[in-house]
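If you want the building blocks of each chain, they are given just below.
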Amino acid sequence: MLRPPLVHCDSASPPKMCMLPNDNIIFIHSSAGPFRTLDMGLKFSTQSSSVGGHRILNQTKRLDKHTTLSFFGRGVQERVLQQEAPMSETIPFKVFPGQASPLGVSEVDNGINFAIFSQHATSITLCLQLPERGAPKGLGDGMIELALDPHTNKTGDTWHIFIEDLPRSSVLYGYRIDGPQNWNEGHRFDKSIVLLDPYAKLVEGRRVFGDVSHRLSRFLGTYDFASLPFDWGDDYKLPDIPEKDLVIYEMNVRALTADKSSELDPKIRGSYLGVIEKIAHLVELGVNAVELLPVFEFDEFEFQRRPNPRDHMINTWGYSTTNFFAPMSRYASDGGGPINASWEFKEMVKALHGAGIEVILDVVYNHTNEADDKFPYTTSFRGIDNKVYYMVDLNNNLLNFSGCGNTLNCNHPVVKELILDSLRHWVTEYHVDGFRFDLASVLCRGTDGTPLNAPPIIKEIAKDPILSRCKLISEPWDCGGLYLVGQFPNWDRWGEWNGKYRDDLRRYIKGDPGLKGSFATRVAGSADLYRVNNRKPYHSINFVIAHDGFTLYDLVSYNFKHNDANGEGGNDGSNDNFSWNCGFEGETDTPNIKALRSRQMKNFHLALMISQGIPMMLMGDEYGHTRYGNNNSYGHDTSINNFQWGLLNEQRSGHFRFFSEVIKFRRALDVFRNKSFLGKNDVTWHEDNWDNYESKFLAFTLHESNGADVYLAFNAHEYFVKVPIPPPPSNRQWFRVVDTNLESPEDFVPDGIPGIGSTYNVAPYSSILLEAKQA
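Notes on the structure follow. Since the structure is predicted, the reported quantities are computational estimates derived from the model, not experimental observations. (Residues numbered from 1 in each chain as written. Predicted model: local features only at pLDDT ≥ 70, side-chain atom pairs only at ≥ 80, totals over all residues. Heavy atoms only, no water.)

All right, on to the sheet that holds strand 31 (residues 766–774) then. Ordered in space as 24-25-26-31-28-29, the 6 strands form an open sheet in which the pairing is antiparallel. Looking at which strands have only one partner, the edges of the open sheet turn out to be strand 24 (683–685) and strand 29 (748–753). For this sheet the average axis-to-axis angle between neighbouring strands, irrespective of direction, equals 20°. Relative to strand 25 (residues 697–702), strand 24 runs antiparallel, the two being bridged by 3 bridges. The residue bridging Thr 684 from the neighbouring strand is Thr 701, located in strand 25. Packing against the sheet, helix 9 (residues 516–523) makes contact with strand 24, strand 25 and strand 26 (710–715), and its axis sits at approximately 25° to strand 25. (Pairing = 2+ DSSP bridges. Helix = DSSP H or I, 4+ residues; strand = E, 2+ residues; numbered from the N terminus. Axes fitted to C-alpha atoms, helices over the stretch in contact; angles between N-to-C directions. Contact = heavy atoms within 4.5 Å.)

Here it is, written out as structure tokens:
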């Protein structure tokens, strides 16, 4: 190929693009040296001369040499990007049109392909920042910008480009995208912003969680094709726990070990590696699945972009996704960045699986971090194609069924495929075992927000061959009033967070009248909700406490929310907590009140663990964690949310012991984990007073085929109830295992206490469990 003539720009003027119309040659003048390309628009950004004092391209080294180009070179004229750098060092990149699939970044032969979808874009520019030694000091400094030609770099609505000999790791990239400026037609294009690729598998931003000095950092995509594949081990296998046997522990990766009481090296506190260090605790507690609050890349400083009542807070829960493929990079140890985050996440999953613990991810596909039209924060989807990625109304304003300003357009074919690709990625690349879908009713809405009877995305997740082995759990409501508990479209695959279970148990155990029948229905597996088609009791995810709302301790210590620290005048958070402070609001040293609170927490935990269905408890409830009445603590990266290991040690022989023993008791007895709904041979209700509105006592026996029956009684009255005990099965006698009115260790006796007579005096606000054992 003949070298084309150079066209020189005036060196005294700002860097700019000059073009020869006939030859389509573009030359850029900048302080970093001239650049040229054939058949492609190319420019160097105005901050292009250096990053941290180092010339970017001079620091680039070839990591590996692969085979020569295949189909990329057939019938395609090469386009050569070349820097005439100081010291006579020249680093060329050959550029080709590339391919439209797969979306994102892929390695083909000896180069890198970039592909991004945008239906309405009129121009797209790929922005590259090449690696230098150490972490980047300023994301976006020294970016090379390649304008894609819609005639050669576009197939359908996908724009693409292939670059030969680009480094195989640590290149940062993003896109500038322009398009129609008609706001009233739903477009939100802004070519001044470098956007994050929705399909980026790794995301680079700030390196340290909560580092305020970089709170306005840009997020860019990156990739790693240079590392060896992760070694899962020759003896590695998935736990593959039957759904009926799960005991789920909802937890936050950072909050588990962020506190100094974790006694971990500060470099790994709040990290994926920190979780590994605490697996022994999970095993001792007895849970066999963790449900991780969002671990997709999110911006913890989203509240601090502008002055507002919440600008003192840090998003520590993570329900504000920036990218659906990349693990949260700031959960890497010691500020290790995105590649280390990916590696350490796999180490965490591998270690949990080795301990027999499954990993379920809490995923947020109902909205993103990009906020609303009043205070927009454009980082990716909004600037790529707002009308495709988000639901808009007839006036092309953003619909808000998420309560967060925008709603992902989940059943649009392109967005649907994005979600499916993301889920498959987490299963195949990271070996996760399941997903809990935040505000999943959003996924049941059409592109205009109308509820759908058979939403395509829900069906395809249920039928997908890769996702078919996964646990699928919906939060079956959204902020637009679409409440689908017991009615979530499920294809006999989806489980549900059972909000009715939570509310009925809270009200019954605190002593509300008229709840006995509802309480019985809930502990029996909620057949009124789930006995349809081939659904099972384990499609009910039973919980009393979750991340939002009161902790278990606060549920029995506060009548009202205390959210002043959130900055919204107490207007945020639910007002319907169905809580009871046991006679005093907040902290107290009154012995009787403290004893009653202890009983109530044990009552809740016992009821949860003996219920048919899958139980889920919240991290910290095993020692009685308090948020001091804050029922919406998402923005506090403090002891309000962080696990307090010192308090756990104080409660190890008391509260924690009871919680752990009850969990292990559940897992040891099949009678609590039926595959089918209870029939007349499975349970006997010792009750002939169902219609008594004032009755708050319930007793029943769960029958086991071998005679190992279990008798349970719950007394929500404020007085003792002397109850007749039914005869035990033949050749067995009753042993008292649980009495929540007793102090540890008598509150739970694993082997049981014999000598139970024909009656038992059940204390106020307490419960008992008897096990029929051979004499």
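With that settled, consider the packing of helix 5 (residues 381–389) against helix 6 (residues 413–428). The N-to-C vectors of helix 5 and helix 6 enclose an angle of 120°; their axes lie 10 Å apart at closest approach. Between helix 5 and helix 6, the angle falls in the class oblique. Contacts from Phe 381, Val 388 and Tyr 389 of helix 5 reach helix 6 at Val 414, Val 415 and Leu 418. Taken together, the residues of the contact of helix 5 with helix 6 break down into 6 nonpolar, no polar and no charged. (Parallel < 35°, antiparallel > 145°, perpendicular 65-115°, else oblique. Nonpolar A, V, L, I, M, F, W, Y, C, P; charged D, E, K, R; others polar.)

So, on to the layout of surface pockets. If you add up the space inside the second largest pocket, you get close to 570 Å³. Forming the walls of the second largest pocket are 23 residues, and the residues nearest its centre are Tyr 553, Lys 594, Met 601, Tyr 623 and Gln 651. Ranked by the residues each element gives to the lining of the second largest pocket, the list is headed by helix 12 (residues 591–610), at 6 residues. Residues belonging to the lining of the second largest pocket are distributed by class as follows: 7 nonpolar, 8 polar and 8 charged. (1 Å grid on protein atoms, 1.4 Å probe; cavity = no way out; pocket = protein on both sides within 12 Å on 5 of 7 lines; lining within 4 Å. Points joined across faces, edges and corners; volume = space filled by probe spheres on them.)

Summed over the entire model, instances satisfying the criterion amount to 45 aromatic pairs. Arranged with centres 5.3 Å apart and planes meeting at 65°, the rings of Phe 114 and Tyr 173 form a pair that is edge-to-face. Taken together, the residues span a long stretch of sequence, with Phe 114 in strand 8 (residues 111–117) and Tyr 173 in strand 13 (residues 172–178) at a distance of 59 residues. Here Tyr 173 falls in the buried class, since its relative accessible area comes to 0%. Here Phe 665 and Phe 748 contribute two aromatic rings whose centre-to-centre distance is 5.9 Å and whose plane-to-plane angle is 80°, an arrangement assigned as edge-to-face. With Phe 665 in helix 14 (residues 655–668) and Phe 748 in strand 29, this residue pair connects regions lying 83 residues apart in the sequence. Here Phe 665 matches Phe 748 in class, with each residue buried. The aromatic ring of Phe 325 is capped on one face by Lys 201, whose charged end is 4.9 Å from the ring centroid. Seen from the ring of Phe 735, Lys 773 lies directly overhead, with NZ or CZ sitting 5.3 Å from the centre. (Phe/Tyr/Trp six-rings, centres within 6.5 Å; stacked < 30°, edge-to-face > 60°. Buried < 20%, exposed > 50% of the residue type's maximum accessible area, 1.4 Å probe, protein only. Lys NZ or Arg CZ within 6 Å of the ring centre and 35° of its normal.)

The subject of this paragraph is the side chain of Arg 732. Within the secondary structure layout, Arg 732 lies in strand 28 (residues 732–739). There is no salt bridge for the buried Arg 732, and the closest opposite charge comes from Glu 771, which lies 6.6 Å off by N-O distance. Within the structure, the side chain of Arg 732 is placed 3.3 Å from the backbone oxygen of Gly 707, a separation counted as a polar contact. Excluding residues within four positions of it along the chain, Arg 732 makes contact with Asn 706, Gly 707, Ala 708, Ala 772, Lys 773, Gln 774 and Ala 775. (Lys, Arg positive; Asp, Glu negative; His and termini not counted. Salt bridge = Lys/Arg side-chain N within 4 Å of Asp/Glu carboxyl O. Polar contact = N/O pair within 3.5 Å; in protein donor to acceptor, adjacent residues only side chain to side chain.)

Here we take up empty space enclosed by the protein. This structure, assessed with the given rule, holds 8 cavities of 30 Å³ or more. Quantified by volume, the largest cavity comes out at close to 130 Å³. In this structure, the largest cavity is lined by 16 residues; those nearest its centre are Asn 252, Leu 618, Met 619, Arg 627 and Asn 641. Class assignment of the residues belonging to the lining of the largest cavity gives a composition of 8 nonpolar, 6 polar and 2 charged. Reported here for the second largest cavity is a volume of approximately 70 Å³. Taken together, Val 544, Ile 545, Leu 552, Phe 604, His 605, Leu 608, Met 616, Met 617, Leu 618, Asp 621 and Phe 659 make up the full set of residues lining the second largest cavity. Elements with a minimum of two residues in the lining of the second largest cavity: helix 12 and strand 23 (614–618).

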